[in-house]
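# Inside the fold
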Amino acid sequence: ETAYKITNNRLIIFELSEISKNPILSKIVMMYIMNIYEELLAEKQGIRKFLMIEESWKAIMHKKFSVFIKEVYKTCRKYFGSIFMITQEPEDLLSSEEVGKTIVSQSDIKFILNMSKYVNLRSEIKDKLGFNDADMDLLYSLNGELPENIRMREVFVKWDKLKSVYGIMLSEEEYWVYTTEQKEK
């Protein structure tokens, strides 16, 4: 009989909302996740592997996990791996000098949503992300003149010297599947 091996799955999701409430269990699960991703990088040669960390501020604040993030950001590409850090607050990356710097420098492609409520951080964001004035003008123009009757949002995408703003429009069904607005759930 063959033993179950989690790395044989094409998609692995760890939902950590409840686990994060228990500091001891949280550390064990984070170490397990780190081990799984490193195992996937080593074992699955030639197969694209993604690690997406939602609410990444929690991982960045955790000492062992932040060391892992820094290391994996620097090494995963040679193993056909990619890592995505998803966060809602720019301070999450900006406040972590060492890890934040690694994430920014090793992220060839940056996707950034509306930053209009962070106008006070403009110069810090510009410096930390290595953006120029034209980048910042585009970034702070997001969703500025969208028609109210259309459910569309804009995203700023920067890849090396290429940059653009794209619109994302969802169908009615998609909107209700993806909305995170508490009042709409």
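In the block above lies the structure referred to throughout.
Read on for an overview of the structure.

Rules behind the numbers
By convention here, each chain's residues receive numbers from 1 onward along its written sequence. In view of the model being predicted, local features appear only for residues whose pLDDT reaches at least 70, and side-chain atom pairs are presented and counted only at 80 or more, with totals across whole chains, interfaces and linings using the full set of residues. Heavy atoms from the whole structure form the basis of all side-chain values; hydrogens and water molecules are not counted. What counts as a helix is a DSSP run of H or I of at least four residues, what counts as a strand is a run of E of at least two, and both are numbered from the N terminus. Relative accessibility decides the category of a residue: with a 1.4 Å probe and only protein chains considered, values under 20% of the type maximum give buried, values over 50% give exposed, and everything between is partly exposed. Between the first and last residue of a helix there are one fewer steps than residues, each counted as 1.5 Å, and that sum is the expected span. When we speak of the arc, we mean the arc of directions from the helix axis to the C-beta atoms. Contacts were defined at the residue level, with two residues in contact if any of their heavy atoms lie within 4.5 Å. Note on geometry: axes are C-alpha line fits, over the in-contact stretch for helices, and angles between N-to-C directions span 0 to 180 degrees. Working definition: roughly parallel below 35 degrees, roughly antiparallel above 145 degrees, roughly perpendicular at 65 to 115 degrees, and oblique for all remaining angles. Working rule for handedness: look at the near helix, and if it is turned counterclockwise from the far one by less than a right angle, call the crossing left-handed; if clockwise, right-handed. As a working rule, the residues Ala, Val, Leu, Ile, Met, Phe, Trp, Tyr, Cys and Pro are called nonpolar, Asp, Glu, Lys and Arg charged, and the rest polar, with Gly in that last group. Salt bridges are defined by distance alone: a side-chain nitrogen of Lys or Arg within 4 Å of a carboxyl oxygen of Asp or Glu. Cavity and pocket criteria rest on a 1 Å grid covering protein atoms alone: a 1.4 Å probe that fits but cannot get out defines a cavity, protein on both sides within 12 Å along at least 5 of 7 lines defines an open pocket, and an atom within 4 Å of a point defines a lining residue. Grid points are joined across faces, edges and corners, and a volume is the space filled by probe spheres set on the points.

Turning our attention to the environment of G144. Looking at the element boundaries, G144 is found in the loop between α7 (133-139) and β4 (152-159). With relative accessibility at 55%, the residue G144 sits in the exposed group. Distance in space between the C-alpha atoms of G144 and D108 is 26 Å, their sequence separation being 36 residues.

Between its first and last C-alpha, helix α3 (residues 63-75) extends 19 Å over 13 residues, near the 18 Å set by a 1.5 Å rise per residue. Residues F65, S66, F68, I69, V72 and Y73 constitute the buried set of α3. What you see down the axis of α3 is that its buried residues fit within an arc of 155 degrees, all on one side. Within α3, the exposed residues directed more than 90 degrees away from the buried face are K63, K64 and K74. Where the residues of α3 are buried, they touch α1 (23-43), β1 (49-53), α2 (56-61), β2 (81-85) and α5 (97-106).

The next thing to look at is the packing of α3 against α5. At a closest axis distance of 9 Å, the pairing of α3 and α5 adopts a crossing angle of 20 degrees. Judged by the inter-axis angle, α3 sits roughly parallel to α5. Viewed along their axes, α3 and α5 form a crossing whose handedness is left-handed. Of the residues in α5, those in contact with S66, I69, K70, Y73 and K74 of α3 are E98, V99, T102, I103 and Q106. When the residues that make up the contact of α3 with α5 are grouped by side-chain class, the tally is 4 nonpolar, 3 polar and 3 charged.

Glancing now at the pattern of salt bridges. Here the structure, examined in full by the defined rule, presents 8 salt bridges. D135 serves as the salt-bridge partner of K158, at 2.9 Å between the closest nitrogen and oxygen. You can see K158 sitting in strand β4 and its partner D135 sitting in helix α7, a full 23 residues away along the chain. Overall, D135 belongs to the buried group, its relative accessible area being 0%. The salt bridge partner of D135 is K163, with a shortest N-O separation of 2.9 Å. Highlighted residues: D135 in helix α7 and K163 in strand β5 (residues 162-169), separated in sequence by 28 residues. Among the charged side chains, a network of salt bridges with common partners joins K5, E39 and E43.

This part is about the layout of surface pockets. For the second largest pocket, the calculated volume is near 1,200 Å³. Taken together, 37 residues line the second largest pocket, and the ones lying closest to its centre are I12, I13, F14, L51 and M52. Looking at which element gives the most residues to the lining of the second largest pocket, the answer is α1, with 8 residues. In the lining of the second largest pocket, the residues fall into 21 nonpolar, 7 polar and 9 charged.

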